[in-house]
Structures are given as C-alpha cells and as structure tokens.
Amino acid sequence: MGVEKLVITLAGISFDARLETEKAPATCAAFLKHLPFRNKAIHVRWSGQAVWIPLGDLQFGVGYENATCYPAPGEVVLYPGGVSETEILLAYGRVAFASMAGPLAGNHFLTITSNLDKLPELGTKVLWEGAQDISFERV
C-alpha cells in the first residue's frame, strides 16, 4: 500500500499532508475514522507558534506513540487527553507544546508536504483575526 495522503484546508488555503502510518499507526487509524474532519482552529495560548483544535473530552482511543513536545513547522500532533483536554495542534513555527498544567507531548501523526511557506502568514491570521475553519479530507 502507498503512502496515504490527506488535504488540510485552513482559512481557505490547502496543504497536502502525509499520514505517518509507520510511526503512529494507531493514531492514524483512529483519526481516519473521523474523516472528513471539520472544525475551527484557534491560536495556541501556551505553546508558541501553532494553532490548535480544542476537542474537550473527545476520545480517539489511543495512547502515546511517536510523541513529541517540540513539533516542527508543518507537523500535526494529536494529544489524546489526560492532564489537559484532547486536542490537535498544527505547528507553523517554534513550538514547546504545553498547557496551563505544564508540558505536553502529542502524537505526531501527520506532516504537511506542500505550501509550508504559507504557514507563518496563516499563524498570524489566526492570531489576529481569530478562529478559522479547518478541514482534513482524504485525497
């Protein structure tokens, strides 16, 4: 089977993305069950240069795999819940993933592969203009 790809659309700009099925198989499988996934992205409060999708007590039924506190620009992580609410975080710059409870680690399950140069302007848009539509869909 080839590499599974998704399209992420944030504030009207589309990004190709690769599922990290070898490094985070359970997280990828759980996320795929929720596609197409549509929500609002807001700017992070504690983590630096990223946008996030707060998901409250939504459970994906996964533990930690391929977890990082420092996702690189274009990396998407799922925090499966615990000391903070479940959330998806998309890094557009430097990130030290955290909540008011302290440092967090999220499962890196998706990597943006196109339009990386547009991420900083999107981060600024979300910061100054507020919540933006975001969607994740199969190619």
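Residues numbered from 1 in each chain as written. Predicted model: local features only at pLDDT ≥ 70, side-chain atom pairs only at ≥ 80, totals over all residues. Heavy atoms only, no water.

Participant: Whenever I open this one, unusual backbone geometry confuses me. Can you help?
Facilitator: Leave glycine aside and you will find that most residues have negative phi; peptide bonds, for their part, are mostly trans. For the bond from Leu-35 to Pro-36, the omega torsion is -10°, close enough to zero to count as cis. Among the secondary structure elements, Pro-36 is positioned in the loop between helix 1 (25–32) and strand 3 (37–43). A positive phi angle, close to 55°, is found at Ala-11, a residue other than glycine. Relative to the helices and strands, Ala-11 is located in the loop between strand 1 (5–10) and strand 2 (13–19). Residues other than glycine seldom take positive phi values, yet Asn-66 does so here, at roughly 50°. Mapped onto the fold, Asn-66 is located in the loop between strand 4 (48–54) and strand 5 (67–68). Accessibility expressed as a relative area gives 28% for Asn-66, which makes it partly exposed. (Helix = DSSP H or I, 4+ residues; strand = E, 2+ residues; numbered from the N terminus. Buried < 20%, exposed > 50% of the residue type's maximum accessible area, 1.4 Å probe, protein only.)

Participant: Help me understand the nonpolar core in this model?
Facilitator: For soluble globular proteins, nonpolar side chains are generally found buried alongside one another. One finds Ile-8, Phe-31, Ile-88, Phe-109, Leu-110 and Phe-136 to be the most contacted residues of the largest nonpolar core, which totals 32 residues. Take this core: its biggest share by element is four residues, from helix 1. Counting ten residues, the second largest nonpolar core, distinct from the first, contains Val-44, Ala-91, Phe-97 and Leu-104. (Core = buried A, V, L, I, M, F, W, Y, C linked by side-chain atoms within 4.5 Å.)

Participant: Would you take a moment to explain the packing of aromatic side chains for this structure?
Facilitator: Any aromatic ring pair is given by two values, namely how distant the centres are and how the planes are angled relative to each other. What the rule picks out here adds up to seven aromatic pairs. Note on Phe-31 and Phe-60: the rings are 6.4 Å apart at their centroids and 25° apart in plane angle, and the pair reads as stacked. With a gap of 29 residues between them, Phe-31 in helix 1 and Phe-60 in the loop between strand 4 and strand 5 connect regions that are remote in the sequence. Judged by its relative accessible area of 9%, Phe-60 is buried. (Phe/Tyr/Trp six-rings, centres within 6.5 Å; stacked < 30°, edge-to-face > 60°.)

Function cannot be read off these values alone, since they describe shape.
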